[in-house]
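# Structural overview
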Amino acid sequence: YAPEAHSATSQTLESTLSWTSDSPFSFATVAQAAWAVILSMRGRTSDPNKDVCFAATVSGRTAPLEGIEDIVGPTITTTPVRLQFNLDDTVSGLLEHVHDQSLSMLPFEHFGLGRIREISSSARDACASVNLLVVQPSQLADGTLPLGLKRMVEEEAVDGLSEPFGLVMECSHN
């Protein structure tokens, strides 16, 4: 049996977060921490110790490839993220944990979901996550994405469903 979605609900929240360049944490780190907390609250346990998995799609510009910053075209990569944390931790403690884990994952970012699945049963389970976090690059002044990329609109979706994921959070840093 494989669960299958037959309907979709979409909610757009327009919010502005004041962000300064002197913040010790990147926008992606804050987005991952926030997504982990949101996902942990979907669980039905009152235990403050949380263990969540989600897929994260990032720019992929950290690949160890000379001149990757000059490649014209997308270099995105999607990796499984597993975060274990305690809801009683401080926000700065959670952000530091997410930041440190993200740094430790960088060398493996382009390993590929197919190869990661083969490592172990827990890696296979993490790759099967139905929740996705997408951190988009900053938009240009006219609201379009760099490199001529565009977002899929609901009318372009197959059978009205644009994502094969349970929960999707897309955020961009402007």
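Residues numbered from 1 in each chain as written. Predicted model: local features only at pLDDT ≥ 70, side-chain atom pairs only at ≥ 80, totals over all residues. Heavy atoms only, no water.

## As for helix α2 (residues 91–105)
Along an α-helix, a turn takes 3.6 residues, which lines up residues three or four apart on a common side. Between its first and last C-alpha atoms α2 spans 21 Å; for 15 residues at 1.5 Å apiece the expected length is 21 Å, and the two agree. Tucked into the core, α2 has its buried residues touching α1 (27–40) and β2 (77–86). (Helix = DSSP H or I, 4+ residues; strand = E, 2+ residues; numbered from the N terminus. Expected span 1.5 Å × (residues − 1). Contact = heavy atoms within 4.5 Å.)

## Topic: α1
Between its first and last C-alpha atoms α1 spans 20 Å; for 14 residues at 1.5 Å apiece the expected length is 20 Å, and the two agree. Along α1, the positions that sit buried rather than exposed are Phe-27, Thr-29, Ala-31, Gln-32, Ala-33, Trp-35, Ala-36, Leu-39 and Ser-40. (Buried < 20%, exposed > 50% of the residue type's maximum accessible area, 1.4 Å probe, protein only.)

## Description of a nonpolar patch on the surface
Nonpolar side chains collect at one region of the surface, where Phe-108, Phe-111 and Ile-119 lie side by side and expose about 330 Å² of accessible area between them. Looking at the element boundaries, Phe-111 is found in the loop between α2 and α3 (113–117). Taking the relative accessible area as the measure of exposure, Phe-111 reaches 34% and is therefore partly exposed. (Patch = residues over 30% accessible without salt bridge, like charges linked within 9 Å, V, L, I, M, F, W, Y side chains within 5 Å. Areas by Shrake-Rupley, 256 points an atom, 1.4 Å probe, with all protein chains shown as cover. Salt bridge = Lys/Arg side-chain N within 4 Å of Asp/Glu carboxyl O.)

## Structural notes on the packing of aromatic side chains
Applying the stated criterion across every chain, the model contains zero aromatic pairs. Sitting over the ring of Phe-111, Arg-115 keeps its end group 4.2 Å from the ring centre. (Phe/Tyr/Trp six-rings, centres within 6.5 Å; stacked < 30°, edge-to-face > 60°. Lys NZ or Arg CZ within 6 Å of the ring centre and 35° of its normal.)

## Overview of the pairing of β2
With seven of its 10 residues buried, β2 lies for the most part within the structure. Two strands pair when backbone bridges link them, and strand β1 (residues 49–58) and β2 are joined in this way by 10 bridges, in the antiparallel orientation. Looking at β2, one finds that Val-58 is bridged to Thr-77. (Pairing = 2+ DSSP bridges.)

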